[in-house]
Amino acid sequence: MSPKNKSIPDWLSDDLLQQFFTAVRHAGGEARAVGGCVRDHLLGIKGGDVDLASTTPPEKMMELVEANGWKAKPTGIAHGTVTVIMPGRVMEVTTLRRDVETDGRHAKVEYTDRFEEDAARRDFTINALYMDAGGKIYDFHDGKKDLKAQNLRFIGDAHARIGEDGLRILRYFRFLSQLGWKAEPNARAACKAHKAMLDDLSGERIQQEMKKCLGAARPAYACEQMDKIDLPEHLTGSHWELGALKFLLQQELSQKTPTQPWLRLAVMLPDEGREMAAKHIAERWKLSRADSDLLQYLCTPFAALTAKDIKEWLRAAPHDWVIWRVLFHAARARQEHTEELTLACTWQVPVFPIVAKDLNMAEGPEIGKKMRTIEQRWVESDYTLSKEELLQG
C-alpha cells in the first residue's frame, strides 16, 4: 500500500468529533487524532476507529466530558485513557505521556502537555502522526516519508524501542502482514536480538497480535521473516512450514473460502508433534475455549478424506470447521481437493429419521446400542434408507 488520499478525512468532519475538539479547547487543552486513523487516511484506507491524544489529564477529561452531557468511562485511567461515549460515537482519549522507566513489559509514565514527548514513546514512525481539528498533520519522526517509501521504521533506536516493550517485535511483523511491506534489515536484526523477550509476554498479548497478523491479507512474507529469525521457536516451539501456508492462501483466494487465522497457523505446524503443539499454543496464548477447540480439531490426525468421512464430519462439527479441515489437508498435501471442498461447502446434512421411542424398547443400555446399530446402517446406505426401511431391518 502507498499513500493515496491527501484530503481531509470524512471522519474529521463529524459534528460530534468537532464538538469534542471545541470542548477541550474551551477548557484550555488540545486534542488531536493520533495513530492508525491518521496513518490509514494517508494510505487511502477508509473507516476504522478514531483515537485521540489530549493535553488534558484523565480526571479533568472525565469532568469535561460529563459537563458537556456525554458519558465517560475510566477504561484505562491508570494509563491516562478515558472512553468517551457520545450519541452515535465512542472513542478513546489518552492524555499525552512520556516514559519515565520501562522493564520490557510495563512502563512507568508521566503526563505531559508536549505532543513531541508523546510521539517519542510510540513504536513506529507511521504511528506517531497527529491531526488537529482543522486537518493539519504533525509529523515528528518523518512518518509521512516512511509511508511513501513503504518503510516500517521504529522511532529512534530499534533496540531501545523493543527493549521498552517486547510486544513490539510481534507488532512489527503484524504491520508487515497488514500493509504488505518488506522488512527493514536493521529492524529485523533488532527483533532477532531481543526475541527472548517473547518468553515473558502474557499469552493474551501474544494471541491478540498473532491473530491480527495471521488474519491479515498478506501473512506469508511476514511469517517467512519471523521464521528466518527463529521467532516461532518462542511462540509455538518449532519452525514453520511456509510452503503449506502459501498453498493455503492460494486456495483461499481461488475458492473464496472464509479466512481463519488459526487454520493458517495449523498448516504451518510440522507433522510431528502437531497435536501437542496445538495444546501448548492454546494454553500459552490463552485461547478462548472455542478457538482452542478449533485449533485442536484441525490438528487432530484423520485417516482419509473420503466423501463418507466429510459427510460424517459435517454431521458432528460446525460447517466452517469441516471446510477448514479440508483446506488443511489440501495445504499439507499441496493438492487441490476441489470435489471434496465442494462437498463440504454444499452438502445438506440430513436428519436421522429414528428416535428412541420408535423402537418400543424399555429404557437402558440396550436401546442405545440398538440406535447406534440402526444409525450405522443408515450411514452405510449413504443416508438413503427411510424410517420404515430402518425399522424393518
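Fair warning: this is a prediction, and the values are worked out from it, not measured in the lab.

J.: Where do I start with helix 15 (residues 289–299) in this structure?
T.: Along an α-helix, residues three or four apart share an orientation, since each turn contains 3.6 residues. Within the sequence span of helix 15, burial applies to Asp-291, Ser-292, Leu-294, Leu-295, Tyr-297, Leu-298 and Cys-299. On the buried face of helix 15, the contacting elements are helix 9 (203–215), helix 13 (261–268), helix 14 (274–284), helix 16 (307–316) and helix 17 (319–333).

J.: Sorry if this is basic, but what is going on with the pairing of strand 1 (residues 31–34) here?
T.: On a regular strand, one side chain projects to one face of the sheet and the next to the other, so that they alternate. What you see with strand 1 is no split at all: Ala-31 and Ala-33 on one side and Arg-32 and Val-34 on the other are buried throughout. Across two bridges, the pairing between strand 1 and strand 8 (residues 129–131) is antiparallel. Across the sheet, the residue bridging to Ala-33 is Met-131, located in strand 8.

J.: Hey, could you run me through the confidence of the model for the protein in this one?
T.: Regions with low pLDDT carry predicted coordinates that are not meant to be interpreted in detail. Taken residue by residue, the protein gives an average pLDDT of 93. The fraction at 70 or more is 96%. Averaged pLDDT values for the elements of the protein fall to 75 in strand 6 (residues 97–102) and rise to 98 in helix 13.

J.: Help me out: how do you make sense of the pattern of salt bridges in this one?
T.: For side chains bearing opposite charge, pairing can occur when the charged atoms are close. Overall, the coordinates contain 27 salt bridges when judged by the stated rule. Arg-171 serves as the salt-bridge partner of Asp-123, at 2.7 Å between the closest nitrogen and oxygen. Remark: Arg-171 occurs in helix 7 (residues 167–179) and Asp-123 occurs in the loop between helix 4 (115–120) and strand 8; sequence separation between them is 48 residues. Overlapping salt bridges bring together Asp-123, Arg-171, Arg-174 and Glu-209 as one network.

J.: I tried to follow the packing of helix 15 against helix 17 on my own but got confused; where do I start?
T.: Describing two packed helices takes the angle between their axes plus the distance from one axis to the other. Packing of helix 15 against helix 17 brings their axes to within 10 Å, and their N-to-C directions diverge by 40°. Of the possible angle classes, the one that applies to helix 15 and helix 17 is oblique. Both helix 15 and helix 17 take part in a crossing whose hand is right-handed. In contact with Ala-290, Asp-293, Leu-294, Tyr-297 and Leu-298 of helix 15, helix 17 contributes Trp-321, Val-322, Trp-324, Arg-325 and Phe-328. The residue makeup of the contact of helix 15 with helix 17, split by class, is eight nonpolar, no polar and two charged.

J.: Explain the packing of aromatic side chains here, please?
T.: Centre-to-centre distance and the angle between the planes together describe a pair of aromatic rings. Taken as a whole, this structure holds 14 aromatic pairs when the rule is applied. For the ring pair Phe-302 and Trp-313, a centre distance of 4.9 Å and an interplane angle of 75° mean the geometry is edge-to-face. Separated by 11 residues along the polypeptide, Phe-302 in the loop between helix 15 and helix 16 and Trp-313 in helix 16 bring together distant segments of the chain. Between the aromatic rings of Trp-378 and Tyr-383, the centroid separation amounts to 5.0 Å while the plane-to-plane angle is 80°, which identifies the pairing as edge-to-face. Across the pair, Tyr-383 and Trp-378 agree in class, each one buried. Grouping aromatic residues by their ring pairs yields a cluster made of Phe-124, Phe-154, Tyr-172, Phe-173 and Phe-175. The ring of Tyr-221 has Lys-182 sitting right over it, with the charged end atom 4.3 Å from the ring centre. The ring of Tyr-297 has Arg-325 lying over it, and the distance from NZ or CZ to the ring centre is 3.9 Å.

J.: How should the nonpolar core be read in this particular structure?
T.: Side chains that are nonpolar tend, in soluble globular proteins, to be buried together. By size, the foremost hydrophobic cluster in this structure holds 116 residues, and its most contacted members are Phe-20, Tyr-172 and Trp-240. Top element by residues in this core is helix 17. It accounts for nine residues. With nine residues, the next largest nonpolar core counts Phe-115, Ala-119, Ala-128 and Ile-155 among its residues.

J.: Explain the sheet that holds strand 8 here, please?
T.: Sheet strands pair via backbone hydrogen bonds, and the direction of the pair is either parallel or antiparallel. With mixed pairing, the seven strands of this open sheet are ordered in space as 3-4-5-2-1-8-9. The strands lining the two open edges of the sheet, one partner per strand, are strand 3 (71–76) and strand 9 (137–139). Geometrically, the sheet is characterised by an average inter-axis angle of 35° between neighbouring strands, direction not taken into account. Bridge count for strand 3 against strand 4 (residues 81–86) is four bridges, and the pairing is antiparallel. Considered in strand 4, the bridge of Gly-76 is made with Thr-81.

J.: Just checking my understanding: could you explain the packing of helix 16 against helix 18 (residues 338–346) for this structure?
T.: Between helix 16 and helix 18, the shortest axis-to-axis distance is 10 Å and the interhelical angle comes to 25°. It follows from the interaxial angle that helix 16 and helix 18 lie roughly parallel. Viewed along their axes, helix 16 and helix 18 form a crossing whose handedness is right-handed. Along the contact surface, helix 16 presents Ala-307, Ile-310, Lys-311 and Leu-314, while helix 18 presents Glu-340, Leu-343 and Ala-344. Residue classes in the contact of helix 16 with helix 18 are distributed as five nonpolar, no polar and two charged.

J.: Is there a simple way to explain unusual backbone geometry in this structure?
T.: Among all residues except glycine, the phi angle is most often negative; among peptide bonds, the trans geometry is most common. The residue Asp-230 is not glycine, and still its phi comes out positive at about 65°. Looking at the element boundaries, Asp-230 is found in the loop between helix 10 (219–228) and helix 11 (231–235). What makes Asp-230 partly exposed here is its relative accessible area of 27%. One non-glycine residue, Lys-286, lies in positive phi territory at about 55°.

J.: How should the environment of Glu-363 be read in this particular structure?
T.: Relative to the assigned elements, Glu-363 resides in the loop between helix 18 and helix 19 (365–380). The class of Glu-363 is exposed, set by a relative accessible area of 82%. In the structure, Glu-363 is positioned 298 residues away from Val-65 in sequence and 65 Å away in space, judged by C-alpha atoms.

Calculation notes
Residues numbered from 1 in each chain as written. Predicted model: local features only at pLDDT ≥ 70, side-chain atom pairs only at ≥ 80, totals over all residues. Heavy atoms only, no water. Buried < 20%, exposed > 50% of the residue type's maximum accessible area, 1.4 Å probe, protein only. Helix = DSSP H or I, 4+ residues; strand = E, 2+ residues; numbered from the N terminus. Contact = heavy atoms within 4.5 Å. Pairing = 2+ DSSP bridges. pLDDT = per-residue confidence, 0-100. Salt bridge = Lys/Arg side-chain N within 4 Å of Asp/Glu carboxyl O. Axes fitted to C-alpha atoms, helices over the stretch in contact; angles between N-to-C directions. Parallel < 35°, antiparallel > 145°, perpendicular 65-115°, else oblique. Left-handed = near helix turned anticlockwise from the far one by under 90°. Nonpolar A, V, L, I, M, F, W, Y, C, P; charged D, E, K, R; others polar. Phe/Tyr/Trp six-rings, centres within 6.5 Å; stacked < 30°, edge-to-face > 60°. Lys NZ or Arg CZ within 6 Å of the ring centre and 35° of its normal. Core = buried A, V, L, I, M, F, W, Y, C linked by side-chain atoms within 4.5 Å.

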